[in-house]
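# Survey of secondary and tertiary structure
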Amino acid sequence: MAVAAATLPLLLVLLVAAALPATSHGWGVDGHLMVCQIAQGRLSGAAAAAVKDLLPSYAGNNLSSLCSWADDVKFRYHWSSPLHYIDTPDGLCTYSYDRDCKDEDGVKGRCVAGAINNYTSQLLTYGRSSASQYNLTQALLFLSHFIGDIHQPLHVGFTSDRGGNTIDVHWYRRKTVLHHVWDASIIQTAEDDFYSDGVADYIDTLTKNITGAWSEQVPSWEECGKNQTACPDIYATESITAACDWAYKGVDQDSTLEDAYFSSRLPVVNLRLAQGGVRLAATLNRIFG
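In what follows, the accompanying structure is described. It should be emphasised that the depicted structure is a prediction, and the values quoted were computed from it without experimental measurement.

What follows concerns the overall build of the protein. Helices and strands together make up the secondary structure of the protein, namely 12 helices and five strands. On C-alpha atoms alone, the protein measures out to a radius of gyration of 18 Å, which is about the 19 Å that the 2.2 N^0.38 rule sets for 289 residues. Considering only C-alpha atoms, the protein reaches an extent of 55 × 45 × 45 Å along its principal axes. Across the 289 residues in the protein, those meeting the buried criterion constitute 50%. Taking the intrachain contacts of the protein between residues at least 6 apart in sequence as the baseline, contacts between residues at least 24 apart amount to 75%. Computed over 20 positive and 31 negative side-chain charges, the separation of the two mean positions in the protein equals 5 Å.

A separate point is the side chain of His151. Position of His151 among the secondary structure elements: in helix H7 (residues 136-151). Using a relative accessible area of 0% as the deciding quantity, one classes His151 as buried. When neighbours within four sequence positions are excluded, His151 is seen to be in contact with Trp27, Tyr235, Ser239, Arg272, Gln275, Gly276 and Arg279.

This next bit is on the environment of Leu55. Among the structural elements, Leu55 can be located in the loop between helix H3 (45-54) and helix H4 (69-72). C-alpha separation for the pair Leu55 and Asn118, spaced 63 residues apart in sequence, amounts to 19 Å.

Before going further, it helps to spend a moment on the pattern of salt bridges. For the coordinates displayed, the defined rule picks out eight salt bridges. With a shortest N-O distance of 3.6 Å, Lys74 and Asp71 are connected by a salt bridge. Grouping residues by exposure puts Lys74 and Asp71 together as buried. When the shortest N-O distance is used, the salt bridge between Glu238 and Arg272 registers 2.6 Å. Separated by 34 residues along the polypeptide, Glu238 in helix H11 (residues 232-247) and Arg272 in helix H12 (residues 259-288) bring together distant segments of the chain. Judged by its relative accessible area of 4%, Arg272 falls in the buried class. The structure contains a network of salt bridges with shared partners spanning Glu238, Arg272 and Arg279.

The three strands are arranged E4-E3-E5 in an open sheet whose pairing can be described as mixed. Only two strands of the sheet have a single partner each, and these edge strands are strand E4 (174-177) and strand E5 (255-257). Across this sheet, the average inter-strand angle for adjacent strands is 35°, counted without regard to direction. Sheet analysis places strand E3 (residues 168-171) next to E4, joined by four bridges and oriented antiparallel. Opposite Asp168, over in E4, you have Val177 as the bridge partner. Where helix H8 (residues 178-194) meets the sheet, it contacts E3, E4 and E5, and its direction lies at approximately 130° from that of E4.

Moving on to the nonpolar core. Membership of the largest hydrophobic core comes to 86 residues, with the highest contact counts inside it found for Leu178, Trp182, Tyr202, Tyr261 and Leu284. Leave out the neighbours within four places in its chain, and Tyr261 touches Trp171, Leu178, Val181, Trp182, Ile186, Trp246, Ala247, Lys249 and Val251.

Enumeration according to the criterion identifies four disulfides in this entry. Across the disulfide from Cys101 sits Cys111; the S-S distance is 2.0 Å. Handedness here is read from the sign of the S-S torsion; for Cys101 and Cys111, about -100°, the answer is left-handed. In this pair, Cys101 sits in the loop between helix H5 (97-100) and helix H6 (112-123) while Cys111 sits in the loop between H5 and H6, placing the two residues 10 residues apart along the sequence. With relative accessibility at 1%, the residue Cys101 sits in the buried group. Across the protein, the way the bonded cysteines pair up, counted in sequence order, is 1-2, 3-8, 4-5, 6-7.

Summed over all chains, the structure comprises 17 aromatic pairs. Residues Trp79 and Phe142 carry aromatic rings whose centres are separated by 5.9 Å and whose planes lie at 55° to one another, so their mutual orientation is tilted. Of this pair, Trp79 sits in the loop between H4 and strand E1 (86-88) while Phe142 sits in helix H7, and the two are 63 residues apart along the sequence. Its relative accessible area of 41% is what places Trp79 among the partly exposed residues. Under the relative-accessibility criterion, Phe142 is labelled buried at 1%.

The rules behind the values
Residues numbered from 1 in each chain as written. Predicted model: local features only at pLDDT ≥ 70, side-chain atom pairs only at ≥ 80, totals over all residues. Heavy atoms only, no water. Helix = DSSP H or I, 4+ residues; strand = E, 2+ residues; numbered from the N terminus. Rg over C-alpha atoms; globule rule 2.2 N^0.38 Å. Buried < 20%, exposed > 50% of the residue type's maximum accessible area, 1.4 Å probe, protein only. Contact = heavy atoms within 4.5 Å. Lys, Arg positive; Asp, Glu negative; His and termini not counted. Charge placed at Lys NZ, Arg CZ, Asp CG, Glu CD. Salt bridge = Lys/Arg side-chain N within 4 Å of Asp/Glu carboxyl O. Pairing = 2+ DSSP bridges. Axes fitted to C-alpha atoms, helices over the stretch in contact; angles between N-to-C directions. Core = buried A, V, L, I, M, F, W, Y, C linked by side-chain atoms within 4.5 Å. Disulfide = S-S within 2.5 Å. Phe/Tyr/Trp six-rings, centres within 6.5 Å; stacked < 30°, edge-to-face > 60°.

As structure tokens, this is what we get:
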């Protein structure tokens, strides 16, 4: 495979990461797994072949097995940390690429929307040269992860609380922060309460909704205006709206979040996971089509 040599450093990174304590970022491991597994089932023939070619052999042609790789390598690729989120002005509940897509040093384009555009551009070089200047395996894994991240509402949150990371809450009896509630706690509680087979059963339910209850909405989810290959600005705008309408709403410092919050926010989480999977597939289909 043309990229086999490039995947050797990736394997070393994964082996080191596996030895580190587990952490939860983005959607958390299960959330990212769901996004990527939904996406892989919706790939065109050309996109499926390209993904198989770019994935390292030890992945077993399973994109979801490496969908959290971008979180695992933050310790090594420190430059990548700002690429997982967008900070927006407190209380405005709006997103603007020109205003908001920058890192803490003010470097433009250093946010999750900019990263999606960047790695999309890199992947568009696939097949054009036998010796690409990019590591396209890593580009695929970053893009797949970041499309998941941008659909998590608090990855497009307020600057002062770092997307809910400084808002202490209790999730039932467990102390945590609001950001982690949306990364993992809602998903984990749903798995415990409703899905006896865990994440596999959860994915099956979302997939059935995509082809059933949500089927009329799916074409609009897949659309990307102005002949764009990727359209992260749409997803970021949706996320800050959801953050204001659902994630932050009714939550104060040291709030206790229980059944009422869980039951009303779970449909939002389910929708964003499904949209992330559908849109990742649509983006990869456009890239490799």
